[in-house]
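Read off the chains here:
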Amino acid sequence: SMLKWNKQDIWIYGSIILLAGYLIIRLVNFFSITQFFPLGRVDISSYMAVLFFLAEKGYTASVQLWYNGFNPFSVLQPGWYLFTLPFYWVLGKVELASFFSVVFMLSASFIFISRIGKLNGLSRSRRILLSLIVLANPVSIAEFLRLGRATELFGFMIFFALAVLI
């Protein structure tokens, strides 16, 4: 028997293919942080430097290498850095740790958003589309992958996880 597609299915699956393709292309492009650090990215470069300082100097140490010395965590939220630190310990390179941290957070957010959709009775295809609309839209891609705002992505991931629990 032939699979019958209605217009709604075509729009849903077409949108999934387009958004997933766009996300994959941007993730491949984002992988360049592992080869061309610190060129080409705005925020992620400074986040990676602070992650390196955390790993090498500790949480409360003053970093004399920047700004005539300062404690980064007196002005920065520690969440993403502490979350990504185990990636750094395992991989040994701040660039790889940052990349895999972002991929993990996108994947976890995708799962949490899908779970929210399931709790609200959405079909599998609609849950996938909802997750992609939230995570692979041009604004999210610009914020999380083009500018490299990993700390914001961490906050969103926590938000989605808490939304599942509530």
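Structural data are supplied above this passage.
Parameters at a glance
- Residues numbered from 1 in each chain as written.
- Predicted model: local features only at pLDDT ≥ 70, side-chain atom pairs only at ≥ 80, totals over all residues.
- Heavy atoms only, no water.
- Core = buried A, V, L, I, M, F, W, Y, C linked by side-chain atoms within 4.5 Å.
- Buried < 20%, exposed > 50% of the residue type's maximum accessible area, 1.4 Å probe, protein only.
- Helix = DSSP H or I, 4+ residues; strand = E, 2+ residues; numbered from the N terminus.
- Contact = heavy atoms within 4.5 Å.
- Axes fitted to C-alpha atoms, helices over the stretch in contact; angles between N-to-C directions.
- Left-handed = near helix turned anticlockwise from the far one by under 90°.
- Phe/Tyr/Trp six-rings, centres within 6.5 Å; stacked < 30°, edge-to-face > 60°.
- Expected span 1.5 Å × (residues − 1).
- Bend = angle between axes of the 7 residues up to and from the residue.

**Considerations on the nonpolar core**
One finds Leu23, Trp80, Tyr81, Val102, Met105, Leu106 and Leu145 to be the most contacted residues of the largest nonpolar core, which totals 38 residues. Listed by contribution, the elements that provide at least two residues to this core are α1 (7-30), α2 (43-57), α3 (79-91), α4 (94-119), α5 (124-135), α6 (138-146) and α7 (150-165). The biggest single contributor to this core is α4, with eight residues. Beyond its immediate sequence surroundings of up to four residues, Tyr81 is in contact with Tyr47, Val50, Leu51, Leu54, Phe73, Leu76 and Thr151.

**Side note on the packing of α2 against α4**
For the pair α2 and α4, interaxial distance at closest approach is 10 Å and the crossing angle is 115°. In this structure, α2 meets α4 at a crossing whose hand is right-handed. Note on element contacts: α4 touches α2 through Val94, Glu95, Ala97 and Ser98, opposite Ile44, Met48, Leu51 and Phe52.

**Observations concerning the packing of aromatic side chains**
Scanning all chains against the criterion turns up 16 aromatic pairs. On the basis of an interplanar angle of 15° and a centroid distance of 4.9 Å, the ring pair of Tyr59 and Phe73 is categorised as stacked. A residue pair is termed long-range when its members are at least 10 positions apart, and Tyr59 in the loop between α2 and α3 and Phe73 in the loop between α2 and α3 qualify at 14 residues. Since its relative accessible area comes to 39%, Tyr59 is described here as partly exposed. A centroid spacing of 5.8 Å and a plane angle of 70° characterise the contact between Phe144 and Phe156, whose relative ring orientation is edge-to-face. Taken together, the positions of Phe144 in helix α6 and Phe156 in helix α7 put the pair 12 residues apart, joining distant regions of the chain. Given the relative accessible area of 40%, Phe156 is considered partly exposed. Taken together, the ring pairs in this structure connect Tyr47, Tyr59, Phe73, Trp80 and Tyr81 into an aromatic cluster.

**Quick notes on α3**
The terminal C-alpha atoms of α3, which comprises 13 residues, lie 19 Å apart, in line with the 18 Å expected from a rise of 1.5 Å per residue. Remark: the principal bend of α3, roughly 30°, maps to Leu85, with a proline, Pro86, within the next four residues. Along its buried surface, α3 packs onto α2, α4 and α7. In the stretch just after α3, Gly92 is the one whose phi turns positive, near 80°.

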